[in-house]
Amino acid sequence: MTTSEHADTQSTQAPASLSAALEERNALRADIYLLLARLVRESPNEELLAFLATLEPDDEGSPLKRHWASLSLAARHAHPGTLHDVHFGLLIGVIQGQLVPYASWYLTGSLMEMPLVALRHDLKHLGFERAAHVKEPEDHFSAMCEVMAMLIDTRAEAQAAFFKRHLSPWALRFMRDLAQVEDPFYASVGALGEAFLSREDNQLQSDPDAQVVTFSPAPATLGEGAEFSDGDTHT
């Protein structure tokens, strides 16, 4: 092989390797969004707890490693029935839980306010429709995490703009509040969520692969009529 041929081989292998690494990173990002959505929406069942208990992060340099380890440890000592009661008290309640996982609440102190109106406008533009059976407002933390996961999976260019407009202003505070609760399992969920969303906030502002754009007047990548539900599980 000549020097030029060797250089050409390296030049084609490098982009392919970078592309594979980016796809792997994005797949992990989507999975974390879906996991956070699942754990905030409802308490984990025995199967999910068993999965979390066996987590062993293989990236020694990851700043999230200790948070994964804490979540795994908490899962090993948790019981589904107990977590069901804890989840109800924290995030649902008879009238409302200890924490209220809605953008409108965190940004205005009330439900069904202007942040929800703005979110509905952008969701409609992106081609999302609220599933008919869903009763919760669309600015629930879990629903918004599911939207982010779908935007990542479809490589939609709007993911950075959606995050910065609808999650960044309040979701880190919500996760920080969750990290302060007494229950060790949900405190570990909050700590992981805070660290992950903080990393997202930094990377989506500086990483050129995130393709930071504003919403354009043209139909979004996700086809019109695509449905999301904050009652479905994708983990």
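So, how was this worked out
- Residues numbered from 1 in each chain as written.
- Predicted model: local features only at pLDDT ≥ 70, side-chain atom pairs only at ≥ 80, totals over all residues.
- Heavy atoms only, no water.
- Helix = DSSP H or I, 4+ residues; strand = E, 2+ residues; numbered from the N terminus.
- Buried < 20%, exposed > 50% of the residue type's maximum accessible area, 1.4 Å probe, protein only.
- Contact = heavy atoms within 4.5 Å.
- Areas by Shrake-Rupley, 256 points an atom, 1.4 Å probe, with all protein chains shown as cover.
- Salt bridge = Lys/Arg side-chain N within 4 Å of Asp/Glu carboxyl O.

Colleague: Quick question: what am I supposed to make of the overall build of the protein here?
Modeller: Across its full length, the protein carries 10 helices and 2 strands. Each helix (α) and strand (β) of the protein, taken in turn from the N terminus, gives the series α-α-α-α-α-α-β-α-α-α-α-β. Buried residues in the protein amount to 44% of all 235 residues. A separation of at least 24 residues holds for 72% of the contacts in the protein among residues at least 6 apart in sequence. For the protein, the exposed surface amounts to about 12400 Å²; the carbon and sulfur share of it is 53%.

Colleague: Just to check I follow, could you spell out the pattern of salt bridges for this structure?
Modeller: As a working rule, side chains carrying opposite charge can pair if their charged atoms are close by. Overall, the coordinates contain 5 salt bridges when judged by the stated rule. For E138, the salt bridge goes to R120, with nearest N and O atoms at 2.7 Å. Here E138, found in the loop between β1 (128-130) and α7 (141-153), pairs with R120, found in helix α6 (residues 114-126); they are 18 residues apart in sequence, far enough to count as distant. Classification of E138 by relative accessible area gives buried; the value is 10%. Here D122 makes a salt bridge to R165, at a shortest N to O gap of 2.9 Å. With D122 in helix α6 and R165 in helix α8 (residues 159-167), this pair connects stretches of sequence that are 43 residues apart. Owing to a relative accessible area of 4%, D122 belongs among the buried residues under this scheme.

Colleague: What's the story with helix α4 (residues 80-92) in this structure? I'm lost.
Modeller: Owing to its 3.6 residues per turn, the α-helix aligns residues three or four sequence positions apart on the same side. The set of residues buried in α4 consists of L83, H87, L90 and L91. With its phi angle positive at about 75°, G93 sits one or two positions after the end of α4.

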